[in-house]
Amino acid sequence: MAPSFSDIVEETRLSLRSLIEYGENLLNPTVRLGVTGLSRAGKTVFITALVHGLLRGGRFPVFESLATGRIARARLEPQPDDAVPRFAYEKHVRTLIDERQWPSSTVDISELRLVIDYQRQNAATRSLTLDLVDYPGEWLLDLPLLKKSYEQWSAESLALSRREPRARLAREWHAHLVRLDPDGREDEQATLTAAKLFTEYLRACRDERFAMSLLPPGRFLMPGSLAGSPALTFSPLDVPQDGSAPSGSLWAMMRRRYEAYKDVVVRPFFRDHFTRLDRQIVLVDALAAFNAGPEALKDLEGALSGILDCFNIGRSTFVSSLFRPRIDRILFAATKADHLHRSSHDRLEAILRRMVERAAAKAEFAGAAVDVIALAAVRATREAVVQQGREKLPSILGTPEVNETSNGQIFDGETEAATFPGDLPDNLDELFTGKAPFRGLTTATSEHADFRFLRFRPPLLSRAAGEEPALPHIRLDRALQFLVGDKLQ
Ligand code: GDP
């Protein structure tokens, strides 16, 4: 595609910005760490636990600079971007520790600046500025829209929505589409209804029972300040891929809004935020996909390859070079590993590794260094051995959230319960084909109850007088070592 004048102006502006940031970086080393993942993957909990651990000094034996005492102190400072909301760290940490509730999840981009004073290996003192940028992974999955016409996107979205389990969730939306005449006059009410039903279909797909991952446009489920605007009020239509919309038609109106979505939502995000990240962690709730079954897993793998595509934008087209990322390390992390027994953590990691490798092959990914980890940013459970009959079974103990299960068992939100964690098969294909379905959590009395979606409350922490307690975790220190360890040498 030939560059337009505005592309050239934009490219020059961005080059200038990179140069300024490069100069600042020499004086004051800064790492912009992106934290992303699909909805409820664990972004908010991860950032809260990481910052708490750095400010307070967590138990991080594998995070070398902290473990060897080279970090003198860490502190929060005002963030550099005035137009981005601040990550509500103080509120989240109090909710987690004092109220023993999980903080409210990410719905928009936010940012937090942390400055770490440390001693270099050669004993000189220095500061590293760590800018944490939290944003929904759904936004990354919007990137392919830039290359697609409205007609192409419509055809692909409709084809996907005709496959099970999506088809049964799309029934009402499909029924509405049949009644629409794309060539007929533009009609705001019909468009509002189509957008509403389309969004409801996307929301139903995201429900934990189906746990679908590929649900663009990302802002339909997380509209933020754009809720109700025309750029978010459109839907795919059943129109020919190579056709053109008659002027003044419903089709032309949908198409215009789809293009507006790309202009006001997708491009600015990649240009203003994504291209400025140096490192990235992608959180993945793999257990949720295992629980929901093979379709959810295939969808998750598709989403992972879509995410890898974003880190792989080459120089192939001029426009894409505007969005070229500078990220040199990406960590994929399977979260909530505290729902499994310790003996399964390596297997969870191995399964995610194979999924990422397969997704990377699809995305023809070659770029940043990639690693994979299984972690729990906040460990809500303990391990124990439970005697059942003659057998001694490894179990995990935690306080389930207030809940009545399908077999009438009531959890009061205060009492601990012993659960048996599910086993993960060695063979990824067995999960993908459903040959070895993952059973998730079970209890001694849960023969007929569905425990797959049981949530534990955050841990009860013992507090020495006047001292801020440390949050227990699994492998959070290893994640930190990979993400910033080399910058603290
Ligand atoms: P976000 O949408 O990516 O910001 O997700 P959150 O960080 O809000 O996490 C969503 C939910 O996952 C939380 O409310 C918790 O129920 C659960 N969760 C997240 N991290 C952990 C963890 O480390 N351990 C456990 N047990 N649950 C977690």
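Not measured: the values here are computed from a predicted model. (Residues numbered from 1 in each chain as written. Predicted model: local features only at pLDDT ≥ 70, side-chain atom pairs only at ≥ 80, totals over all residues. Heavy atoms only, no water.)

A. Geometry of the overall build of the protein chain. The secondary structure content of the protein chain amounts to 15 helices and 12 strands. Rg of the C-alpha trace for the protein chain: 24 Å, near the compact-globule value of 23 Å for 489 residues, within the 12% margin. Put simply, the protein chain has 489 residues, and 54% of those count as buried. Taking the contacts inside the protein chain whose residues are at least 6 apart along the sequence as the reference set, 75% of them involve residues at least 24 apart. Carbon and sulfur atoms form 51% of the exposed surface of the protein chain, whose accessible area is close to 22100 Å². Within the protein chain, the 66 negative side-chain charges are centred at a point lying 2 Å from the centre of the 64 positive side-chain charges. (Helix = DSSP H or I, 4+ residues; strand = E, 2+ residues; numbered from the N terminus. Rg over C-alpha atoms; globule rule 2.2 N^0.38 Å. Buried < 20%, exposed > 50% of the residue type's maximum accessible area, 1.4 Å probe, protein only. Contact = heavy atoms within 4.5 Å. Areas by Shrake-Rupley, 256 points an atom, 1.4 Å probe, with all protein chains shown as cover. Lys, Arg positive; Asp, Glu negative; His and termini not counted. Charge placed at Lys NZ, Arg CZ, Asp CG, Glu CD.)

B. Representation of the domain arrangement of the protein chain in the model. Assigned domains of the protein chain: these are domain 1 (5–135 + 273–379 + 473–488) and domain 2 (144–267). Computed from C-alpha coordinates alone, the two centres of domain 1 and domain 2 are separated by 31 Å. Opposite the 14 residues of domain 1 that make contact, domain 2 presents 15 residues. Between domain 1 and domain 2, the buried area comes to about 1100 Å², and carbon and sulfur atoms account for 61% of it. Here domain 1 is connected to domain 2 by one salt bridge. The closest approach of N and O atoms between Arg-166 and Asp-299, which form a salt bridge, is 3.1 Å. The biggest single contributor to the side of domain 1 that touches domain 2 is helix 11 (residues 294–310), with six residues. (Domains from an automatic or database assignment. Buried area = accessible area lost by both parts, 1.4 Å probe. Salt bridge = Lys/Arg side-chain N within 4 Å of Asp/Glu carboxyl O.)

C. Fine view of the sheet that holds strand 3 (residues 110–119). With mixed pairing, seven strands are arranged side by side in an open sheet as 2-3-4-1-5-6-7. This sheet does not close on itself; its edge strands, each paired only once, are strand 2 (71–77) and strand 7 (369–374). Strand after strand, the sheet turns through a mean of 20° between neighbouring axes, direction not considered. One ladder, built from six bridges, connects strand 6 (residues 329–334) with strand 7; its direction is parallel. Of the residues in strand 7, the one forming a bridge with Phe-332 is Val-372. Lying on the sheet, helix 13 (residues 345–362) is in contact with strand 5 (279–284), strand 6 and strand 7; it crosses strand 7 at an angle near 145°. (Pairing = 2+ DSSP bridges. Axes fitted to C-alpha atoms, helices over the stretch in contact; angles between N-to-C directions.)

D. A look at the sheet that holds strand 9 (residues 391–398). Ordered by their spatial adjacency, three strands build an open sheet running 8-9-12, and the pairing between neighbours is antiparallel. The two strands at the open ends of the sheet, each matched to only one other strand, are strand 8 (382–388) and strand 12 (417–419). Ignoring strand direction, the axes of neighbouring strands in this sheet form an average angle of 45°. The pairing of strand 8 with strand 9 spans seven bridges and is antiparallel. By the bridge assignment, Gln-387 is partnered in strand 9 with Lys-392.

E. Representation of the pattern of salt bridges within the structure. Under the criterion given, the structure shown has 44 salt bridges. Residues participating in the shared-partner salt-bridge network are Arg-32, Asp-81, Glu-111, Arg-113, Asp-131 and Arg-276.

F. Just the nonpolar core, in detail. Judged by nonpolar contacts, the single largest core of 85 residues is most densely connected at Phe-274, Phe-290, Phe-332 and Leu-348. A per-element tally of this core places helix 9 (residues 250–272) first, with nine residues. Mapping this core onto the domain boundaries places at least three of its residues in each of domain 1 (5–135 + 273–379 + 473–488) and domain 2 (144–267). Phe-63, Ile-373, Phe-482 and Val-484 belong to the second largest nonpolar core, which has 44 residues in total. (Core = buried A, V, L, I, M, F, W, Y, C linked by side-chain atoms within 4.5 Å.)

G. Spatial organisation of the site of the ligand. Residues in close proximity to the ligand total 19 residues, the closest being Arg-40, Lys-43, Thr-44, Ser-105 and Asp-338. One of the backbone N or O atoms of Gly-42 is found 3.0 Å from an oxygen atom in the ligand. Here an oxygen atom of the ligand and a side-chain polar atom of Thr-44 are 2.6 Å apart. Isolated, the ligand exposes 570 Å² of accessible area, and the fraction of that covered by the protein chains is 97%. Looking at the shell around the ligand, its residues break down into eight nonpolar, six polar and five charged. (Near = heavy atom within 4 Å. Polar contact = N/O pair within 3.5 Å; in protein donor to acceptor, adjacent residues only side chain to side chain. Nonpolar A, V, L, I, M, F, W, Y, C, P; charged D, E, K, R; others polar.)

H. How the structure looks around the packing of aromatic side chains. Applying the stated criterion across every chain yields a total of 20 aromatic pairs. Between the aromatic rings of Phe-269 and Phe-270, the centroid separation amounts to 5.2 Å while the plane-to-plane angle is 70°, which identifies the pairing as edge-to-face. In this structure, Phe-269 and Phe-270 share a single accessibility class: buried. For the ring pair Phe-270 and Phe-274, a centre distance of 5.2 Å and an interplane angle of 70° mean the geometry is edge-to-face. An identical accessibility class is assigned to Phe-270 and Phe-274; each is buried. One aromatic cluster in this structure is built from Tyr-150, Trp-153, Trp-173, Phe-198, Tyr-201, Phe-220, Phe-234, Tyr-258 and Tyr-261. (Phe/Tyr/Trp six-rings, centres within 6.5 Å; stacked < 30°, edge-to-face > 60°.)

I. Region of the structure containing a nonpolar patch on the surface. A contiguous nonpolar surface patch, about 320 Å² in accessible area, is contributed by Leu-16, Leu-19 and Ile-20. Within the secondary structure, Ile-20 is located in helix 1 (residues 5–27). (Patch = residues over 30% accessible without salt bridge, like charges linked within 9 Å, V, L, I, M, F, W, Y side chains within 5 Å.)

J. How the structure looks around the packing of helix 2 (residues 43–56) against helix 4 (residues 89–97). Here helix 2 crosses helix 4 at 95°, and the two axes come no closer than 10 Å. Considered as vectors, helix 2 and helix 4 are oriented roughly perpendicular to each other. Note on element contacts: helix 4 touches helix 2 through Tyr-89, His-92, Val-93, Leu-96 and Ile-97, opposite Thr-44, Thr-48, Val-51, His-52 and Leu-55. In terms of residue class, the contact of helix 2 with helix 4 is built from six nonpolar, four polar and no charged. (Parallel < 35°, antiparallel > 145°, perpendicular 65-115°, else oblique.)

K. Looking closely at the environment of Ile-47. Considering the arrangement of structural elements, one finds Ile-47 in helix 2. Overall, Ile-47 belongs to the buried group, its relative accessible area being 2%. Between the C-alpha atom of Ile-47 and that of Arg-100, which follows or precedes it by 53 residues, the distance is 17 Å. Beyond its immediate chain neighbours, meaning those up to four positions away, Ile-47 contacts Val-35, Phe-87, Leu-132 and Asp-134.

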